[in-house]
Amino acid sequence: LFTTLRPLSGARRGPAVDFYGVDLTHSVLELFAGHHITMKVHLEGQQIRLLGYPEDLNTALVNLIGNSVFWLEQSKTKDPRIDIRFRWQNKEAVILVDDNGPGIPEEFFDRIFEVGFTLKNNGTGLGLNIAKEALARSNATLAFHLDFKGGTRFEIRFPSVRKV
């Protein structure tokens, strides 16, 4: 919990740094390697260096992937998978995190980022809000795709990136 909350602590972190989001994502996926879920990272186009704080992206990805793993296992989804796609779009890095699980019921779409809101029996209702706030510290955004069918899709956008 402390590791997850550290990016929000207000501690001085120095200037933003360039880092490879794809490399960081592979490291996060290793945390979930014990689950029987196919997890892949897709790079659409050239490798992208992000400008921000790696721990912010780490916090968001651990939360998003952790939620996907939870719901894929809870729902006993056949052939469960999580796909993370990196693409360059209008001078922004777009990171899509998709799963083929049960999705989020429509009646909860407008509440998923609220502190305290959870659909898990023992959930805290903090995860998605923490992910969104952490990314904001890197001038990045987190959004939920309402129209995604066949699971759940979240989108992370980093506005300050460089193509390599």
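Computed from a predicted model, the values in this text were never measured in an experiment. (Residues numbered from 1 in each chain as written. Predicted model: local features only at pLDDT ≥ 70, side-chain atom pairs only at ≥ 80, totals over all residues. Heavy atoms only, no water.)

Novice: Would you explain the side chain of Asp-98 in this entry?
Specialist: Tracing the sequence through the fold places Asp-98 in strand 5 (residues 92-99). Residue class for Asp-98 comes out buried when judged on its relative accessible area of 2%. At a separation of 3.2 Å, a polar atom in the side chain of Asp-98 contacts the side chain of Arg-85. A polar contact is formed between the side chain of Asp-98 and the side chain of Arg-153, at a distance of 2.7 Å. Ignoring sequence-local partners within four residues, the contact set of Asp-98 consists of Arg-81, Ile-82, Asp-83, Arg-85, Phe-148, Thr-152 and Arg-153. (Helix = DSSP H or I, 4+ residues; strand = E, 2+ residues; numbered from the N terminus. Buried < 20%, exposed > 50% of the residue type's maximum accessible area, 1.4 Å probe, protein only. Polar contact = N/O pair within 3.5 Å; in protein donor to acceptor, adjacent residues only side chain to side chain. Contact = heavy atoms within 4.5 Å.)

Novice: Got a minute to help me understand the pattern of salt bridges in this structure?
Specialist: Side chains that differ in sign of charge can pair as their charged atoms come close. For the structure shown, the criterion picks out eight salt bridges. Note that Arg-85 and Asp-98 form a salt bridge whose closest N and O atoms lie 3.2 Å from each other. Placement of Arg-85 in strand 4 (residues 81-89) and of Asp-98 in strand 5 is noted, with a sequence separation of 13 residues between them. (Salt bridge = Lys/Arg side-chain N within 4 Å of Asp/Glu carboxyl O.)

Novice: Mind showing me how you'd approach the packing of aromatic side chains here?
Specialist: Each aromatic ring pair is specified by the distance between its two centres and by the angle formed by the two planes. In this structure the tally under the stated criterion is five aromatic pairs. Seen in terms of ring centroids, Phe-70 and Trp-71 are 4.9 Å apart; in terms of plane orientation they differ by 90°. Their pairing is edge-to-face. When the centroid spacing of 6.2 Å and the interplanar angle of 85° are considered together, the rings of Phe-113 and Phe-154 count as edge-to-face. With Phe-113 in the loop between strand 5 and helix 4 (127-136) and Phe-154 in strand 7 (residues 152-158), the pair connects residues that are 41 residues apart, well separated along the chain. (Phe/Tyr/Trp six-rings, centres within 6.5 Å; stacked < 30°, edge-to-face > 60°.)

Novice: Would you take a moment to explain helix 2 (residues 21-31) for this structure?
Specialist: Residues lying three or four places apart along an α-helix face the same way, a consequence of the helix completing one turn every 3.6 residues. Of all the residues in helix 2, the buried ones are Gly-21, Val-22, Leu-24, Thr-25, Val-28 and Leu-29. All buried residues of helix 2 lie within an arc of 155° about the axis, which places them on one face of the element. In this structure, the buried side of helix 2 is in contact with strand 1 (17-20), strand 2 (38-44), strand 3 (48-52), helix 3 (54-74) and strand 4. (Arc of directions from axis to C-beta.)

Novice: Looking at this structure, how should I read the packing of helix 3 against helix 4?
Specialist: Packed helices, taken two at a time, are described by the angle between their axes plus the distance between the axes. Relative to each other, helix 3 and helix 4 sit at 155°, their axes nearing to 8 Å. With respect to each other, helix 3 and helix 4 are oriented roughly antiparallel. In the crossing of helix 3 with helix 4, the sense of the turn from one axis to the other is left-handed. Judged by residue contacts, Asp-56, Leu-57, Thr-59, Ala-60, Asn-63, Leu-64 and Asn-67 of helix 3 engage Gly-127, Leu-128, Ile-130, Ala-131, Ala-134 and Leu-135 from helix 4. (Axes fitted to C-alpha atoms, helices over the stretch in contact; angles between N-to-C directions. Parallel < 35°, antiparallel > 145°, perpendicular 65-115°, else oblique. Left-handed = near helix turned anticlockwise from the far one by under 90°.)

Novice: Explanation requested: the packing of helix 2 against helix 3 in the structure shown.
Specialist: One way to put it is that helix 2 packs onto helix 3 with a least axis distance of 10 Å and a crossing angle of 40°. By the criterion of interaxial angle, the relationship of helix 2 to helix 3 is oblique. Note on packing geometry: the crossing formed by helix 2 with helix 3 is right-handed. Seen from helix 2, the contacting residues are Gly-21, Leu-24, Thr-25, Val-28, Leu-29 and Leu-31; seen from helix 3, they are Pro-54, Leu-57, Asn-58, Leu-61, Val-62 and Ile-65. A class-by-class count of the residues in the contact of helix 2 with helix 3 yields nine nonpolar, three polar and no charged. (Nonpolar A, V, L, I, M, F, W, Y, C, P; charged D, E, K, R; others polar.)

Worth remembering: the numbers are spatial, not functional.
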